[in-house]
Amino acid sequence: MSSFIKGVIGWQAAGPQPTGAETIQRLCDRVASSTLLEDRRDAVRALKSLSKKYRMEVGTQAMEHLVNILQTDRSDSEILGYALDTLYNIISNDEEEEQDAVISLPVSGKSKNVSMPDENAQKQPDDVGAQFTEKFIQDPEHITLLLTLLEEFDFHVRWPGVKLLTALLKSQGVTLQGIILVSPMGVSRLMDLLADSREVIRNDGLLLLQQLTKGNAAIQKIVAFENAFERLLDIITEEGSSDGGIVVEDCLLLLLNLLKNNSSNQNFFKEGSYIQRMKPWFEVGDDNSGWSAQKVTNLHLMLQLVRVMVSPVNSPGATASCQKCMYQCGLLQQLCTILMATGVPADILTETINTVSEVIRGSQINQDYFASVNAPSNPPRPAIVVLLMSMVNERQPFVLRCAVLYCFQCFLYKNQKGQGEIVATLLPSTIDANSISAGQLLCGGLFSADSLSNWCAAVALAHALQDNLTQKEQLLRVQLATSLGKPPVSLLQQCTNILSQGDKIVRRGSKVQTRVGLLMLLCTWISNCPIAVTHFLHNQDNVPFLTAQISENLGEDERLVQGLCALLLGICIYYNDNSLENYTKEKLKQLIEKRIGKENFVEKLGFITKHELYSRAALKPQPVFPSPEQMLFDHEFTKLVKELEGVITKTIHKSSEEDQKEEEVKKTLENHDNIVTQYKDLIREQDTQIQELKEKVESMTTQNEQMTTTVTQQLSQIQQHKDQYNILKLRLGKESQSNNQGDAAQVNGLQTEELSQLREELEELHKQHTLLQTQLTDKDAQINTLKSAAQTAESPAAGSDNTELVQELEALKSQVQSQLAEISQLKTERQEMLRKAEAGSSDTVSASDSSIDATKMAELEKRLAVQTSETERLKEGRAELEQQLASATSTVAILQNEKAKLQTEVQESKKEQDDLLMLLADQDQKIYSLKQRLKDLGETVEDDDDIDTRDQTTDDDEDEDED
């Protein structure tokens, strides 16, 4: 064995030492040819120890042999670990150079250390790892093999496998992501690493998943649905949340990978109620001293995670839903607590302000809550006022001032209520001299000596006017006291005064930022507000100042100011209502043509969009600037420029004839609009009337149906009562007959004196029985009378009246439908006229078109008169139908009264009938007892049937005698 080892490593007592490449070649041969597992294990261990110093040689010669070891020696975890470590060393780009490489080989049962020469040691190029990675992943089965090895629980296999996969992902991430994505259960096996009880494997598994989820939405979704959110949040909680270590940071970075720019995962995160679990992260104590660097990093990432969920680049619906959830679970309230806390590091405070900004942006309920937040000061001040104090304070950090400006912008975004509250603090009637308001801070910043404060205050005030015509007009009322002894001037005038103060102030370096801010404020203020344009032009110095600025040839820094002056002058033309005779649209255009030139004016206007900082500001709402000098454009203002540049250019190039024609077209359109408005009112009135008629018809139809149903029910009840009476009558007859048959048997033992008395009583009872039978007959006649009366009440005459009424109602419905059709046709013709009128605004309106319009108007007026008369006729018809309905209603009321009477009489008849039946029953009982006594006395007693038979025989004899 000793000679074999000596032959492998080329060791000789004397002579030259083998080179590193030769040693590696012999070790590779040994790995490939040795049949003993121990020999292969020792050779792989030797390759591992040489793999860092001789990275290129080991990677070139041993990679294939190492892969074979992974495939064939699966039963030995030790050799698998050595092979994986070796592959990691040759693929990873970690620079850990070793001065010497020592291998340990067994010699005759003892370990012998062999020092390898380092004369061939050299630094490998940085792309060596990428080359070996590319070679390794040429066969996707190699990756599948690694994923299979990760199922091994043995630490010496699993941990090197995780590190190797992480190194492969760092080098060839996109390719490896594709292989893992199509591998069965590939992502699931990697997710199992988070459940490993050994922290080192779990932590390296986090790093592996970070690399795996970078920029691949499909893998991000799979990882999210493998319950990643639950596991990561559990780990963050176990590790101490924001007070945790580097593991918390890794979890947060992985969460950011899963959620950023992935709407599906964001929705899954919200629907899974994971936003609520973020609230405890921000529960900071009262003692905020001694923040560690790791805690700052963790909290910074947590704030970024909140911002990912409510970012302005997300869909509006998803953002609004997350904002609502954050308010309901108290997360926004917790962030505002940090915002007003003391001792919070500056970078955390800045990021918290940015986060609160996006949580409230565009959400009315969140904006209202933020407006109610007060700082813990004495006396308490609104949070908005405290933040604005920081914004206009030049001693505060630049990034903090930008964050406060962004927060103020988000507070006012689509918040007309908040805009009104800010502007109201500047109005004379609401100013409180004893407290500092937001308006006072903005005015102070607007006119301070710090150009950055000027710019921030101007942009903030412009956002208070954004898309709010009412507040633009209200701000014209603001008056400022500039100095003692001088009358107050308006805020608008003071802004223009600062712009035109002269060369001694306005053209000094940093003052360009002040002028740009004021010009953006003025452009936002007077755009789409003719009253503000009139106030601006009323000052005789403003237009000459603007024309002088635009016409001069100034340096590069002043070109932006010239472009903004051109934009301001163009707004004065476009939104001019010609109320000032000296500054009408036409006169201002003539002034531009004479003093500046149309082409020169348009060129100066184009300087704005060509500025390099314009495009940067247009990308996203948050004001992010590398330095204060580059803070020139506001995001919302870029939208205004994009909207107005084209229309102003078109307005400047229009001739006076075109303007006149456009004015005529506008007047024609206004006339058409007035006529159309009249038709709208008339049609609206007719629609109301038709709707009322329809409702009445429906009500009458419903009443008719209810009455018909009531009559049917009453007839059914009468029939039931009749049937019950017939059944009782039949039952009474049968019972009388059976009783009479049973009474004929027994009359024995009675005295002679009693016999005559019994006969007299029997005759009396017969008389009473006859009387009762007569009364029953009378009741039958009464019931028949009631029945005929009820049938008369529901006779076809009444039904025909109702039928005719329904038919007339249907006819009225058809007339209403025709009216609706004609009204719809009128609306269509109106739309056609509007379309023709709009087409006429860009083309010359010819006389023939005017005559056609006049003819059309006459025809429409004629049809309107016809419609009016038809409506009057419908009103008359409706009155007649109402009368008929009233008549039918009265008829139905009479029928209902008669029905009630009939029901009462039927009830009384039924009661009397019951009484008669009781009397008949008593009499039958007495007759039966008397017959029994007569039979007991030996008298012959005839039954009723015998009497009837005898009477019939007597009648027959009398008939024969007559014959």
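Since this is a predicted model, take the numbers as computed values, not measurements.

For this particular structure, what's the right way to read the overall build of the protein chain?
Counting its regular elements, the protein chain contains 40 helices and six strands. Within the span of the protein chain, comprising 963 residues, buried residues form 45% of the whole. Partitioning the intrachain contacts of the protein chain with sequence separation of at least 6 by distance along the chain shows that 75% fall at a separation of at least 24.

What exactly am I supposed to notice about the confidence of the model for the protein chain here?
It should be kept in mind that the predicted coordinates are not to be read in detail where pLDDT is low. Taken residue by residue, the protein chain gives an average pLDDT of 80. The fraction at 70 or more is 76%. Low confidence marks residues 1-15, where pLDDT is under 50. Its contacts with residues over four positions away, or in another chain, come to 16 contacts. The low-confidence segment residues 96-125 (pLDDT under 50) makes 61 contacts with residues lying over four places distant or belonging to another chain.

Explain unusual backbone geometry to me, please; I cannot follow it from the model alone.
Negative phi is the rule for most residues except glycine; trans is the rule for most peptide bonds. Phi is positive for Asn227, which is not a glycine, with a value near 65 degrees. Mapped onto the fold, Asn227 is located in helix 12 (residues 217-238). On the basis of relative accessible area, Asn227 is assigned to the partly exposed category, the value being 37%. Phi is positive for Asn528, which is not a glycine, with a value near 60 degrees. For Asn528, a relative accessible area of 49% gives the class partly exposed.

Would you take a moment to explain the environment of Leu256 for this structure?
Tracing the chain through its elements places Leu256 in helix 13 (residues 246-259). Expressed as a C-alpha distance, the spacing of Leu256 and Val306, which sit 50 residues apart in the sequence, is 9.7 Å. The contact partners of Leu256, leaving out residues within four places of it in the chain, are Leu301, Gln304, Leu305 and Val308.

Can you help me understand helix 28 (residues 511-526) in this one?
It helps to recall that an α-helix has 3.6 residues per turn; residues three or four apart then point in one direction. Here helix 28 contains 16 residues, and its C-alpha end-to-end distance of 23 Å stays within 8% of the 22 Å for a straight helix at 1.5 Å per residue. Taken across its 16 residues, helix 28 has 16 buried, putting it largely inside the fold. Looking one or two places after helix 28, you find Asn528, whose phi comes out positive at around 60 degrees.

Any chance you could explain the packing of aromatic side chains here in plain terms?
Aromatic rings in a pair are described by how distant their centres are and how their planes are angled relative to each other. All told, the structure shown has eleven aromatic pairs when counted by the stated rule. An aromatic cluster is defined as three or more aromatic residues linked by ring pairs; in this entry it consists of Phe225, Phe229, Phe268, Phe269 and Tyr274. In this structure, Lys295 is placed above the aromatic ring of Trp291, and the distance from its NZ or CZ to the ring centre is 4.5 Å. Here the guanidinium or amino end of Arg559 rests over the ring plane of Phe607, the centre of that ring lying 3.8 Å away.

Honestly, the environment of Asp914 in this entry has me stumped. Any pointers?
Tracing the backbone shows Asp914 in helix 39 (residues 847-936). Sequence separation between Asp914 and Leu728 is 186 residues, and the spatial gap between their C-alpha atoms is 9.3 Å.

Even after reading the chapter, I still don't get the side chain of Gln419, so can you show me in this structure?
Positionally, Gln419 belongs in helix 22 (residues 416-424). With relative accessibility at 2%, the residue Gln419 sits in the buried group. Each residue touching Gln419, except ones within four places of it in the same chain, is listed here: Leu412, His463, Ala464, Leu465, Gln466, Asn468 and Gln471.

Where do I start with the environment of Ala320 in this structure?
Topologically, Ala320 is positioned in helix 16 (residues 316-328). Residue classification places Ala320 among the partly exposed positions, given a relative accessible area of 40%. Each C-alpha atom, one on Ala320 and one on Met309, is 9.8 Å from the other, the two residues being eleven residues apart in sequence.

It is not clear to me how a nonpolar patch on the surface should be interpreted in this structure. Could you clarify?
Together, Leu181, Val182 and Ile222 line one region of the surface with nonpolar side chains, adding up to about 250 Å² of accessible area. Inspection of the secondary structure assignment puts Ile222 in helix 12.

What is the right way to look at the pattern of salt bridges in this model?
Opposite charge on two side chains allows them to pair when their charged atoms are near. Counted by the stated rule, this structure contains 22 salt bridges. One salt bridge in this structure joins Arg277 and Asp234, with 2.8 Å as the shortest N-O distance. Here the residue Arg277 occupies a position in the loop between helix 14 (263-271) and helix 15 (293-309), and Asp234 occupies one in helix 12, the gap between them amounting to 43 residues. Judged by relative accessible area, which is 30%, Asp234 ranks as partly exposed.

What am I meant to see in helix 14 here?
Along helix 14, the residues that are buried comprise Asn265, Gln266, Phe269 and Lys270. Buried residues of helix 14, viewed axially, fall in a sector of 140 degrees; they line one side. Those residues of helix 14 that are exposed and angled more than 90 degrees off the buried face are Ser263 and Glu271. Taken from the residues just after helix 14, Ser273 is the one with a positive phi, measuring 60 degrees.

Help me understand the packing of helix 4 (residues 55-72) against helix 7 (residues 140-149) in this model?
How two helices pack is summed up by the angle between their axes together with the distance between the axes. Direction vectors running N to C along helix 4 and helix 7 enclose 45 degrees, while the axes themselves pass 11 Å from each other. When the axes of helix 4 and helix 7 are compared, the pair comes out oblique. The hand of the helix 4/helix 7 crossing is left-handed. Contacts between helix 4 and helix 7 involve Val67, Leu70 and Gln71 on the former and, on the latter, His142, Leu145, Leu146 and Leu149. Looking at the contact of helix 4 with helix 7 residue by residue, the class counts come to five nonpolar, two polar and no charged.

Quick notes on the rules
- Residue numbers run consecutively from 1 along every chain, following the written order of its sequence.
- In keeping with the model being predicted, local features are shown solely for residues with a pLDDT of at least 70 and side-chain atom pairs are shown and tallied solely at 80 or more, while totals for entire chains, interfaces and linings include all residues.
- For side-chain calculations, the full set of non-hydrogen atoms in the structure is used, while hydrogens and water are omitted.
- Put simply, DSSP marks the helices as runs of H or I at least four residues long and the strands as runs of E at least two long, and each gets a number from the N terminus on.
- Only protein chains enter the accessibility calculation, which uses a 1.4 Å probe. A residue is then buried if its area is under 20% of the maximum for its type, exposed if over 50%, and partly exposed in between.
- What makes two residues a contact is simply this: any of their non-hydrogen atoms within 4.5 Å.
- Per-residue confidence from the prediction method is given by pLDDT, with values spanning 0 to 100.
- Any helix carries an expected span of 1.5 Å times its number of residues minus one.
- Aromatic contacts are taken between Phe, Tyr and Trp rings whose centres are within 6.5 Å, Trp giving its six-membered ring; a plane angle under 30 degrees counts as stacked, one over 60 as edge-to-face, and the others as tilted.
- Two thresholds decide whether a charge sits over a ring: the Lys NZ or Arg CZ must be within 6 Å of the ring centre and within 35 degrees of the ring normal.
- Each patch is built from salt-bridge-free residues with over 30% relative accessible area, joining like charges within 9 Å and nonpolar side chains (Val, Leu, Ile, Met, Phe, Trp, Tyr) within 5 Å.
- Surface accessibility in these figures is a Shrake-Rupley result with a 1.4 Å probe; residues are shielded only by whichever protein chains are displayed.
- By definition here, a salt bridge exists when the distance from a side-chain nitrogen of Lys or Arg to a carboxyl oxygen of Asp or Glu is within 4 Å.
- The directions from the helix axis to the C-beta atoms form the arc being described.
- In this analysis an axis means a line fitted to C-alpha atoms, helices contributing only their contacting stretch, and an angle means the value between N-to-C directions, from 0 to 180 degrees.
- By definition in this entry, angles of less than 35 degrees are roughly parallel, angles greater than 145 are roughly antiparallel, angles of 65 to 115 are roughly perpendicular, and the rest are oblique.
- By definition, turning the near helix anticlockwise from the far helix through less than a right angle yields a left-handed crossing, and turning it clockwise yields a right-handed one.
- Residues are grouped as follows: nonpolar covers Ala, Val, Leu, Ile, Met, Phe, Trp, Tyr, Cys and Pro; charged covers Asp, Glu, Lys and Arg; every other residue, Gly included, is treated as polar.

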